[in-house]
Amino acid sequence: MPDQIVETKSLSYHFGINQVLDNVSLRVEAGSIYGFLGPNGAGKTTTIKILLNLLHSDSDKVYLFGKEFSKNRIEILSKIGSLIEQPAIYHHLSGRENLINRARLLQIPKIRVGEILKLVDLTESADKKAGKYSLGMKQRLGIGLALLPDPELLILDEPTNGLDPNGIIDVRNLLRKLVSEMGKTVFISSHMLSEVEKMVTHLGIINRGKLVFQGSLEELHKISKKQILIQASDPVKAKVLLSENGYPTDLLAEILYTPYISKEQNAEINSLLVRNNHKVYSLSQSQENLENLFLSITQ
Ligand SMILES: Nc1ncnc2c1ncn2[C@@H]1O[C@H](COP(=O)(O)OP(=O)(O)OP(=O)(O)O)[C@@H](O)[C@H]1O
């Protein structure tokens, strides 16, 4: 299997005169859960539609499973399962009947239906009408429908949108299982980092059609600015002292925040406070909140 399951090479796309994608070079590694993030209108659905051949890009720009898309469409599409916008579910049919119906259409043996129900944790509710399912159950049924033909790559457009925290956890557990136990690769879009932060291994962040970050979650953490958090006996005076000595400091809820530079500087800050008769109760380092980082790079 090639290392890159999805690769776009400087992909651009226009709707009329409106440029929606600008030189987007995605690289999705085999066995990853790739979170494709960006605010509303950033270009996520357009990219996904191109990956699913629902919109056409210039040739030589999109490669899936190591092959050029425009020359290998049928073979490539047979290896992709997708859920885009609302899952196509018949509400008057049960979950099981929805799966049987689709299996028949795709000429997939009926035995697969039971396996899928188990995989998406819907065995107990299999005979309930899908219209009575919660949003989370509908999403899992939608993912189950996409998984019926046993695709190698699963592309999901905003699958956590509108789900409650338990629904998000269920989707997260399912996707992790697909990757770790079944060797799938998952590409999932979202406009909220907090919804996918705990499930993805890699991230691509798109803003106004441009890919502004791509890498592992660890790499994103690394580039987020670190802060020093200080608790001291007189935070108001300590803020003035630190600011006057070249450490720009904020005070929020009795905690002082100043940008982290080095551990030597942590020691200097501590000693400056102690020399000036402040009691330092704690001094620690924090990662900048990833959500804030996401917001600042997509502004
Ligand atoms: N069929 C279309 N015709 C013209 N413009 C379109 C069309 N579809 C999308 N756009 C425009 O392309 C841009 C990107 O839209 P896209 O749906 O890809 O963004 P998105 O990141 O998926 O956002 P959302 O989370 O809101 O779906 C937007 O400015 C949108 O208005």
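Residues numbered from 1 in each chain as written. Predicted model: local features only at pLDDT ≥ 70, side-chain atom pairs only at ≥ 80, totals over all residues.

The protein chain goes by ABC-2 type transport system ATP-binding protein in an unreviewed UniProt entry, where it is assigned to Daejeonella rubra. We quote the UniProt Sequence similarities (unreviewed entry) comment for the protein chain here in full: "Belongs to the ABC transporter superfamily." (UniProt positions renumbered as here; feature names shortened; annotations may be inferred.)

## Regarding the site of the ligand
With respect to spatial proximity, the complete set of residues near the ligand consists of F15, N18, V20, G38, N40, G41, A42, G43, K44, T45, T46 and H191. Every element with two or more residues in the shell around the ligand is listed here: strand 3 (18-24) and helix 1 (44-51). It is helix 1 that contributes the most residues to the shell around the ligand, 3 residues altogether. (Near = placed C-beta within 6 Å. Helix = DSSP H or I, 4+ residues; strand = E, 2+ residues; numbered from the N terminus.)

## Quick look at unusual backbone geometry
Phi is positive for Q107, which is not a glycine, with a value near 55 degrees. Considering the arrangement of structural elements, one finds Q107 in the loop between helix 3 (95-105) and helix 4 (111-119). The backbone of D150 sits at a positive phi, close to 60 degrees, despite the residue not being glycine. D150 gets classed as partly exposed once you count the C-beta atoms within 10 Å, which come to 13. (Buried ≥ 20, exposed ≤ 12 C-beta atoms within 10 Å, placed from the backbone.)

## Focus on the packing of helix 3 against helix 5 (residues 135-147)
At a minimum axis separation of 10 Å, helix 3 and helix 5 run at an interaxial angle of 20 degrees. Here helix 3 is positioned roughly parallel relative to helix 5, judged by the angle of their axes. Viewed along their axes, helix 3 and helix 5 form a crossing whose handedness is right-handed. For the pair helix 3 and helix 5, contact is made by G95, N98, L99 and R102 and by L141, G144 and L145, respectively. Class assignment of the residues belonging to the contact of helix 3 with helix 5 gives a composition of 3 nonpolar, 3 polar and 1 charged. (Axes fitted to C-alpha atoms, helices over the stretch in contact; angles between N-to-C directions. Parallel < 35°, antiparallel > 145°, perpendicular 65-115°, else oblique. Left-handed = near helix turned anticlockwise from the far one by under 90°. Contact = placed C-beta atoms within 7 Å. Nonpolar A, V, L, I, M, F, W, Y, C, P; charged D, E, K, R; others polar.)

## Thoughts on the nonpolar core
With 59 residues, the main nonpolar core has L64, L154, I155, V186 and F187 as its most contacted residues. Those residues in contact with L64 that sit more than four places away from it in its chain are I5, V6, F69 and I76. Counting residues in hydrophobic clusters, the runner-up holds 8 residues, among them I228, A232, A238 and I269. (Core = buried A, V, L, I, M, F, W, Y, C linked by C-beta atoms within 7 Å.)

## Describing the domain arrangement of the protein chain
Many analyses report the size of an interface as the accessible area lost when the parts associate. Under the domain assignment used here, the protein chain contains domain 1 (4-222) and domain 2 (224-297). On a C-alpha basis, the centres of domain 1 and domain 2 stand 42 Å from each other. The interface is formed by 10 residues belonging to domain 1 together with 6 residues belonging to domain 2. Residues of the side of domain 1 that touches domain 2, tallied by class, amount to 6 nonpolar, 3 polar and 1 charged. (Domains from an automatic or database assignment.)

## As for the pairing of strand 2 (residues 11-15)
Inspection of the sheet shows strand 2 paired to strand 3 by 4 bridges, in the antiparallel sense. The partner of H14 across the bridge, within strand 3, is Q19. The loop that links strand 2 with its antiparallel partner strand 3 comprises 2 residues; one of these, G16, has a positive phi angle of about 60 degrees. (Pairing = 2+ DSSP bridges.)

## A few points about the sheet that holds strand 5 (residues 33-37)
Ordered in space as 8-9-10-5-11-12, the 6 strands form an open sheet in which the pairing is mixed. Each having just a single partner strand, strand 8 (80-83) and strand 12 (210-216) make up the two edges of the open sheet. Across the sheet, the mean angle separating the axes of adjacent strands is 15 degrees when strand polarity is ignored. Helix 1 contacts strand 5, strand 9 (153-157), strand 10 (185-190) and strand 11 (202-207) of the sheet and is inclined by roughly 150 degrees relative to strand 9. Across the sheet, helix 6 (residues 165-180) touches strand 5, strand 9 and strand 10, and the angle it forms with strand 10 is around 150 degrees.

## A few points about the sheet that holds strand 1 (residues 4-8)
Across the sheet, 4 strands lie side by side as 4-1-6-7; this open sheet has antiparallel pairing. In the strand order of this sheet, the two ends are held by strand 4 (27-29) and strand 7 (67-68), each with one partner. Pairing of strand 1 with strand 6 (residues 62-64), which is carried by 3 bridges, proceeds in the antiparallel orientation. Bridge pairing in strand 6 links V6 to L64.

## Let's talk about helix 5
Three or four residues apart is the spacing at which side chains of an α-helix point the same way, because the helix has 3.6 residues per turn. The end-to-end C-alpha distance of helix 5 is 18 Å, a good match for the 18 Å that 13 residues give at a rise of 1.5 Å each. Across the 13 residues of helix 5, 10 count as buried, placing the element largely inside the fold. The set of residues buried in helix 5 consists of K138, Q139, R140, L141, G142, I143, G144, L145, A146 and L147. (Expected span 1.5 Å × (residues − 1).)

## Let's talk about the environment of E29
Following the sequence through the fold, E29 ends up in strand 4. A residue is classified by how many C-beta atoms lie within 10 Å of it, and E29, with 16 of them, is partly exposed. Counting along the chain gives 158 residues from E29 to F187, while the straight-line C-alpha distance between them is 10.0 Å.

## Brief notes about the environment of V24
Along the chain, V24 turns up in strand 3. In this structure, the C-alpha to C-alpha distance between V24 and K210, residues 186 residues apart in sequence, is 6.1 Å. Beyond its immediate stretch of four places on either side in the chain, V24 contacts T8, L11, T47, I206 and L211.

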